[in-house]
Amino acid sequence: DAGITQSPRYKITETGRQVTLMCHQTWSHSYMFWYRQDLGHGLRLIYYSAAADITDKGEVPDGYVVSRSKTENFPLTLESATRSQTSVYFCASSGVGNEQFFGPGTRLTVL
Amino acid sequence: QKEVEQDPGPLSVPEGAIVSLNCTYSNSAFQYFMWYRQYSRKGPELLMYTYSSGNKEDGRFTAQVDKSSKYISLFIRDSQPSDSATYLCAMTVPGGGNKLTFGTGTQLKVEL
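The model shown is predicted, which means the values in this text are computed figures rather than measured ones.

Looking at this model, I keep getting lost on the interface of chain B and chain A. Mind explaining?
Interfaces are often described in size by the accessible area the parts lose on coming together. Every contact between the two is made by 19 residues of chain B and, on the other side, 23 residues of chain A. Regarding the contact of chain B and chain A, the summed buried area is about 1,600 Å², with carbon and sulfur atoms giving 54% of it. Of all residues in chain B, R41, N98 and K99 of chain B bury the most surface against chain A, accounting for 35% of the area lost on that side. There are zero salt bridges connecting chain B and chain A. Elements with a contribution of two residues or more to the side of chain B that touches chain A: β4 (32–38), β5 (45–51) and β9 (85–92) of chain B.

Please clarify how the state of the cysteines should be interpreted in this entry.
Each disulfide consists of one covalent bond between the sulfur atoms belonging to two cysteines. What the rule picks out here adds up to two disulfides over all chains. Covalently, C23 of chain A is tied to C91 of chain A through a disulfide, its sulfur atoms 1.8 Å apart. Linking C23 of chain A and C91 of chain A, the disulfide has an S-S dihedral of approximately -75° and is accordingly described as left-handed. Remark: C91 of chain A occurs in strand β9 (residues 87–94) and C23 of chain A occurs in strand β3 (residues 19–25); sequence separation between them is 68 residues. C23 of chain A gets classed as buried once you look at its relative accessible area, which sits at 2%. A sulfur-sulfur distance of 2.0 Å marks the disulfide that ties C23 of chain B to C89 of chain B. Negative torsions about the S-S bond denote left-handed disulfides, and the value of about -100° found for C23 of chain B with C89 of chain B makes this one left-handed. Here C23 of chain B, found in strand β3 (residues 19–25), pairs with C89 of chain B, found in strand β9; they are 66 residues apart in sequence, far enough to count as distant. We classify C23 of chain B as buried; its relative accessible area is 1%. Judged by relative accessible area, which is 0%, C89 of chain B ranks as buried.

What's the story with the pairing of strand β11 (residues 106–110) of chain A in this structure? I'm lost.
Along a regular strand, successive side chains alternate from one face of the sheet to the other. All names here are of chain A. Only one face of β11 is covered, namely the face carrying T106, L108 and V110; the face carrying R107 and T109 is uncovered. Across four bridges, the pairing between strand β2 (residues 10–13) and β11 is parallel. Each bridged residue has a counterpart across the sheet, and for I12 the counterpart in β11 is T109. Where β9 lies against β11, three bridges are found, and the strand directions are antiparallel. Bridge pairing links Y89 to T106 in β11.

Analysis parameters
- Residues numbered from 1 in each chain as written.
- Chains lettered and ligands numbered in written order.
- Predicted model: local features only at pLDDT ≥ 70, side-chain atom pairs only at ≥ 80, totals over all residues.
- Heavy atoms only, no water.
- Contact = heavy atoms within 4.5 Å.
- Buried area = accessible area lost by both parts, 1.4 Å probe.
- Salt bridge = Lys/Arg side-chain N within 4 Å of Asp/Glu carboxyl O.
- Helix = DSSP H or I, 4+ residues; strand = E, 2+ residues; numbered from the N terminus.
- Disulfide = S-S within 2.5 Å.
- Buried < 20%, exposed > 50% of the residue type's maximum accessible area, 1.4 Å probe, protein only.
- Pairing = 2+ DSSP bridges.

Structural data, given as structure tokens:
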């Protein structure tokens, strides 16, 4: 499928478990981003990547790890999930222009 | 204080009304301005994109930027129930690595 996809769409996990959220885009966009969206906080940037093998922290990076070995994939890992990481996670990509295009989101619940 | 301020609403209007959504910002270096629409349980989708000051029109939607007042607006004419969504403003600086600064979003409900 063309565009940007995220998997899984829904995930329930337990405190302390490792969770990986996947993001895949077919546009060959250089930039990719991970956000979390919580009521009252809007979209908060977790990590971003300007190209394969180049990543940098955003506003709320603690407890998260990213990698980008291929241009089209940008997985986000919660190394040891906590309840405060219950949220909706959005991946986005951006190319030559600076507008971002978002995936459908992953709704994560940490029990 | 946040760099971008946006009234969260909710804003409820009757069908056919003109809607005005607004954001204020503090960073005078912002040059590119966007509006995203987000339906419930969906990802944000780009609605309007403007550069610097002025107006841009696309169908029933008009985006307006007033850099002197650090104020941007989105107008929706002849609003429809299908316009019910959360609207987020976003902005960035030149050479900013394509990172956007978002408002928290305004929830709009258009009632029949």
